[in-house]
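Topology and contacts: notes
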Amino acid sequence: VQLQASGGGLVQAGGSLRLSCAAAEDTFSTSATAWFRRPPGNEREFVAAISWSGGNRDYQDSVRGRFTISRDNTKNTVYLQMNSLKPEDTAVYYCAVKKGSFFRERSSSSSYNYWGQGTQVTVSS
């Protein structure tokens, strides 16, 4: 599965961005998908995940209530709507797809089989 992440950019604190993760393969629509991020100088961390149907979602505590993950399987695309952005949200954001169930280790990067190239999000104070 080839993933193409886009939508990053520079935004002021309090602003919004919407990231997109698109796949060419139809199998994308039957797979759990997540967003991870790597802040400057830090390890990659889980941000949000969504089941293949969109019926189940999970978020890192620091983004819950500000970020919303969603998907449109007719377009083989997963989105991450990011509102009320903070400087600490600055990172390279990656989308990832896992073959296994959404309900198993969905916040662990090692559970994901395919990764996009990353898109930079910079939030200025």
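For the structure itself, look to the data block above.
Thresholds, definitions, all that
Residues numbered from 1 in each chain as written. Predicted model: local features only at pLDDT ≥ 70, side-chain atom pairs only at ≥ 80, totals over all residues. Heavy atoms only, no water. Helix = DSSP H or I, 4+ residues; strand = E, 2+ residues; numbered from the N terminus. Rg over C-alpha atoms; globule rule 2.2 N^0.38 Å. Buried < 20%, exposed > 50% of the residue type's maximum accessible area, 1.4 Å probe, protein only. Areas by Shrake-Rupley, 256 points an atom, 1.4 Å probe, with all protein chains shown as cover. Lys, Arg positive; Asp, Glu negative; His and termini not counted. Charge placed at Lys NZ, Arg CZ, Asp CG, Glu CD. Disulfide = S-S within 2.5 Å. Contact = heavy atoms within 4.5 Å.

With that settled, consider the overall build of the protein. On a plain count of helices and strands, the protein comes out with zero helices and 11 strands. Counting from the amino terminus, the protein carries its helices and strands in the arrangement β-β-β-β-β-β-β-β-β-β-β. A compact globule built from 125 residues would reach a C-alpha radius of gyration of about 14 Å, and the protein, at 13 Å, matches this within 12%. Counting only C-alpha atoms, the protein reaches 40 × 25 × 25 Å along its principal axes. The buried share among the 125 residues of the protein stands at 46%. Total accessible area computed for the protein in this model is approximately 6200 Å², and 44% of it derives from carbon and sulfur atoms. The centroid of the 14 positive side-chain charges in the protein is displaced by 2 Å from the centroid of its 10 negative side-chain charges.

Here we come to the state of the cysteines. Applying the stated rule across the entire model yields one disulfide. A sulfur-sulfur separation of 2.1 Å characterises the disulfide bridge that pairs Cys21 with Cys95. The S-S bond linking Cys21 to Cys95 shows a torsion near 70 degrees; that makes this disulfide right-handed. Taken together, the residues Cys21 in strand 3 (residues 17-23) and Cys95 in strand 9 (residues 91-98) connect sequence positions 74 residues apart. Comparing Cys21 with Cys95, the two get one shared label, buried.

This next bit is on the environment of Arg44. By the element assignment, Arg44 lies in the loop between strand 4 (32-38) and strand 5 (45-50). Residue class for Arg44 comes out partly exposed when judged on its relative accessible area of 33%. Residues Arg44 and Val92, spaced 48 residues apart in sequence, show a C-alpha to C-alpha distance of 8.9 Å. Those residues in contact with Arg44 that sit more than four places away from it in its chain are Phe36, Arg37, Arg38, Tyr94, Ser109 and Trp115.

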